[in-house]
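Here is what each chain is made of, one letter per residue.
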Amino acid sequence: MAAPILAAQGRDLTAYTSVPCLPPDGAGEQRLGDEWEQAHATAFMAGENLQHLPVDAAGYGVIQGIEDLLEIHDGPSHAAANHFWLQAIMEVAARNGAGVLLTGQMGNATVSWGGKGSALLALLEGHRQTALRLILHGESNPCLL
């Protein structure tokens with residue numbers, strides 16, 4: 001989303017993707033253990049002003065990532081086991097001079113989220129205004145339950 005906006009301003013964007021330090025052979029059939037190819041294809045589609053860089057988080061521990069996050073936020077966080085690679089990305093971005101870092105760590109809970117079906121539920125309960133508001137502003141797919 002940011003690449004075309006920055007391209008219109010003649011500015012570049014750097015995207016970072018953490019790559020696994022071990023073979024992703026533990027991922028099940030319906031899972032990806034290494035998302036580099038998909039992330040790189042997405043970065044390529046975003047535009048020529050986007051530089052996509054791999055980040056190796058091999059030097060970061062899962063437990064240390066959780067402890068560091070607890071110190072920063074003074075409490076638990078969503079998907080805390082991911083913070084070791086997020087920490088690696090944040091440190092590389094800072095070394096590269098990034099002033100802002102947008103993360104995709106919330107995945108389907110952000111711009112790609114299809115909704116919960118609450119618009120359909122509101123409609124079925126007779127709350128037309130609420131359903132319309134959810135469809136127009138909150139849920140791109142009101143049929144998901």
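Here, every reference points to the structure presented above.
Summary of the structure given here. Position numbers for residues count from 1 along each chain, tracking the sequence in the order it is written. Predicted model: local features are reported for residues with pLDDT of at least 70 only, side-chain atom pairs are reported and counted for 80 or more only, and whole-chain, interface and lining totals are derived from all residues. To get the side-chain values, take all heavy atoms of the structure and skip hydrogens and water.

### Considerations on the overall build of the chain
Comment: elements are numbered from the N terminus, with helices defined as DSSP H or I runs of at least four residues and strands as E runs of at least two. For the chain, the count of helices and strands is six helices and two strands. Ordered by position from the N terminus, the helices and strands of the chain form the series α-β-α-β-α-α-α-α. Working definition: with a 1.4 Å probe on protein chains only, accessible area under 20% of the residue-type maximum means buried, over 50% means exposed, and in between means partly exposed. Scored against the burial criterion, the 145 residues of the chain give a buried share of 21%. Whether two residues touch is decided by their heavy atoms; if any such pair falls within 4.5 Å, the residues are in contact. In the chain, of all internal contacts separated by at least 6 residues, the share reaching a separation of at least 24 is 55%.

### Let's talk about helix α3 (residues 62–73)
A helix is expected to reach a length of 1.5 Å times the quantity of its residues less one. Taking 1.5 Å per residue as the helical rise, α3 with its 12 residues ought to reach 16 Å, and the 17 Å between its terminal C-alpha atoms agrees with that figure. Here α3 has its buried residues at Gly65, Asp68 and Leu69. The buried residues of α3 all sit within an arc of 100 degrees when viewed along its axis, so they share a single face. Of the exposed residues in α3, those oriented more than 90 degrees away from the buried face are Ile63 and Glu71. Residues of α3 that are buried in the fold lie against α4 (83–95). Think of the arc as the fan of directions from the helix axis to the C-beta atoms.

### Points about the layout of surface pockets
Residues are called lining when one of their atoms sits within 4 Å of a cavity or pocket point, these points coming from a 1 Å grid over the protein atoms alone, where a cavity is a set in which a 1.4 Å probe fits but cannot get out and a pocket is an open set with protein on both sides within 12 Å along at least five of seven lines. Grid points are joined across faces, edges and corners, and a volume is the space filled by probe spheres set on the points. In this model, the second largest pocket occupies a volume close to 210 Å³. Taken together, 13 residues line the second largest pocket, and the ones lying closest to its centre are Leu69, Ile72, His83, Gln87 and Met90. Listing elements by their share of the lining of the second largest pocket, those giving two or more residues are α3 and α4. Throughout, the ten residues Ala, Val, Leu, Ile, Met, Phe, Trp, Tyr, Cys and Pro are labelled nonpolar, Asp, Glu, Lys and Arg are labelled charged, and all others, Gly among them, are labelled polar. Its residues placed into classes, the lining of the second largest pocket shows four nonpolar, seven polar and two charged.

### As for a nonpolar patch on the surface
Together, Leu132, Ile135 and Leu136 make up an exposed nonpolar region whose accessible area comes to about 280 Å². Along the chain, Leu136 falls in helix α6 (residues 128–138). With a relative accessible area of 57%, Leu136 lands in the exposed category. Residues qualify for a patch when their relative accessible area is over 30% and they have no salt bridge, like charges being joined within 9 Å and the nonpolar side chains of Val, Leu, Ile, Met, Phe, Trp and Tyr within 5 Å. Note on areas: these come from Shrake-Rupley sampling with a 1.4 Å probe, and a residue is covered only by the protein chains present in the view. Whenever Lys or Arg places a side-chain nitrogen within 4 Å of a carboxyl oxygen from Asp or Glu, that contact is recorded as a salt bridge.

### Here we look at the nonpolar core
Within this scheme, the nonpolar core is defined by two criteria: the residues are buried Ala, Val, Leu, Ile, Met, Phe, Trp, Tyr or Cys, and they are joined through side-chain atoms within 4.5 Å. Grouped together as the largest cluster of nonpolar side chains are seven residues: Tyr16, Val55, Ala57, Ala88, Ile89, Val92 and Ala93. When residues of this core are assigned to their parent elements, the largest contribution, four residues, is made by α4. The contacts of Tyr16, once residues within four sequence positions are left out, are Leu53, Val55, Ile89, Val92, Ala93, Asn96 and Leu101.

### A look at the environment of Gln87
Counting through the fold element by element, Gln87 comes out in helix α4. For Gln87, a relative accessible area of 17% puts it in the buried group. Not counting residues within four places of it along the chain, the set of residues in contact with Gln87 comprises Tyr60, Gly65 and Asp68.

### A look at the packing of α3 against α4
Viewed as axis vectors pointing N to C, α3 and α4 meet at an angle of 75 degrees, and their least axial separation amounts to 7 Å. For the element pair α3 / α4, the angle class is roughly perpendicular. On α4, the residues that touch Val62, Gly65, Asp68 and Leu69 of α3 are His83, Phe84 and Gln87. Residue composition of the contact of α3 with α4, grouped by class: three nonpolar, three polar and one charged. As a rule, the C-alpha atoms of each element are fitted with a line to give its axis, helices using only the stretch in contact, and angles between N-to-C directions run from 0 to 180 degrees. With respect to orientation, any angle under 35 degrees is reported as roughly parallel, any angle over 145 as roughly antiparallel, any angle of 65 to 115 as roughly perpendicular, and every other angle as oblique.

### Observations regarding the side chain of His52
Its location among the elements puts His52 in strand β2 (residues 50–56). On the accessibility criterion, His52 (11% relative accessible area) is buried. Nitrogen and oxygen atoms within 3.5 Å of one another constitute a polar contact, given that in protein one can donate a hydrogen and the other can accept it, and given that sequence-neighbouring residues count only through two side-chain atoms. At 2.6 Å, the side chain of His52 forms a polar contact with the side chain of Thr17. When near neighbours in sequence (up to four residues on either side) are disregarded, His52 contacts Ala15, Thr17, Trp36, Ala39, His40 and Ala43.

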